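Chain by chain, the residues:
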Amino acid sequence: MQEFTAPLNTNYKLEVWGAASGYRLVNESIIYSEYGRGGYSYGNYSMNANQTIYISIGGKGEDGQFESRSRGGWNGGGDGDWDHQDDEAMAGGGGCTSIQKSLKENGQLKFYESVKSTDVLIVAGGGGSVIREGYGYGGGETGSFSKDHYNIIGTEQQATQSSGYAFGLGQSAINFYNNSDVGAGGGGWYGGYAIISMQREYYSSGGGGSGHIGTMLTNGATIAGDQTFPSPSGGTETGHSGDGYAIISWISPSL
């Protein structure tokens, strides 16, 4: 958690990028193409000089771990699980990046549910851990669906502006059967879902968490991680990889 204290009475642009999930483990090798990407949110916020806001940067989910669960990223990523049979493991989900007007506990979004409409300024959703490239992206008004890749269970769900696995938290994978790969949800305004495995040799991707723009902001939007948006390092990117990020810049007077 980091703090920003406004140097001037003026409007500031808040930009946040959600963290990606970790990478999947297959045959004891990391598959760098298989991860859920974070989303992007931005908006303008008027601040008085010496006013402080609190920035919670989402952490990338842990890569798939041999014969072990994989930790979700800081700020809401769900834990991934291994297949309980050989050398495959799903990664942890990515944490969301959020900015708040107040500091509660250690700054993680999950502690703000009771004041979400007054104190949470902006959220970028984190990515869910995936079995295939192109799924699990976070951000946008709705995060990506959890995905049953064999179309067996039919319980695919997504985080929205009003519901998800939990406020600020992605769902951790639960693997009841050996030789199943089950992805975890990403953190977000509402966190993404995992699909509970109910049979052997089952494969699913976790859903990404939703993004959010608070009513205190103007000219804002939240964009999903399957879209192209500005990169924090310059240029553009299609979905965000690695840890989350935040940039705060004043709009007027110009630098």
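Residues numbered from 1 in each chain as written. Predicted model: local features only at pLDDT ≥ 70, side-chain atom pairs only at ≥ 80, totals over all residues. Heavy atoms only, no water.

A. Expanded view of the side chain of Ser205. Relative to the helices and strands, Ser205 resides in strand β11 (residues 203–205). From its side chain, Ser205 meets the backbone nitrogen of Ile131 in a polar contact 3.0 Å long. If we ignore the near neighbours within four places in the chain, the residues touching Ser205 are Ser129, Val130, Ile131, Arg132, Tyr135, Ser146, Lys147, His149 and Gly183. (Helix = DSSP H or I, 4+ residues; strand = E, 2+ residues; numbered from the N terminus. Polar contact = N/O pair within 3.5 Å; in protein donor to acceptor, adjacent residues only side chain to side chain. Contact = heavy atoms within 4.5 Å.)

B. Focus on a nonpolar patch on the surface. Nonpolar side chains collect at one region of the surface, where Met1, Trp74 and Leu103 lie side by side and expose about 250 Å² of accessible area between them. As for its position among the elements, Trp74 is in the loop between β6 (52–56) and β7 (97–100). (Patch = residues over 30% accessible without salt bridge, like charges linked within 9 Å, V, L, I, M, F, W, Y side chains within 5 Å. Areas by Shrake-Rupley, 256 points an atom, 1.4 Å probe, with all protein chains shown as cover. Salt bridge = Lys/Arg side-chain N within 4 Å of Asp/Glu carboxyl O.)

C. Molecular detail of the sheet that holds strand β16 (residues 245–252). The 4 strands lie next to each other as β13-β5-β2-β16, forming an open sheet whose pairing is antiparallel. Every interior strand has two partners, whereas the edge strands, β13 (218–223) and β16, have only one. Sheet twist, expressed as the mean angle between neighbouring strand axes with direction ignored, is 20°. With 7 bridges joining them, strand β2 (residues 10–17) and β16 adopt antiparallel strand pairing. (Pairing = 2+ DSSP bridges. Axes fitted to C-alpha atoms, helices over the stretch in contact; angles between N-to-C directions.)

D. How the structure looks around the environment of Ile247. Mapping Ile247 onto the fold places it in strand β16. For the pair Ile247 and Asn9, spaced 238 residues apart in sequence, the C-alpha to C-alpha distance is 18 Å.

E. Just the pattern of salt bridges, in detail. On inspection of all chains with the given rule, the structure shows 7 salt bridges. Between Asp81 and Arg69 there is a salt bridge whose closest N-O contact spans 3.3 Å. Taken together, the positions of Asp81 in the loop between β6 and β7 and Arg69 in the loop between β6 and β7 put the pair 12 residues apart, joining distant regions of the chain. Looking at Asp81, the relative accessible area reads 6%, which means it is buried. Between Glu156 and Lys147 there is a salt bridge; the shortest N-O distance is 3.8 Å. (Buried < 20%, exposed > 50% of the residue type's maximum accessible area, 1.4 Å probe, protein only.)

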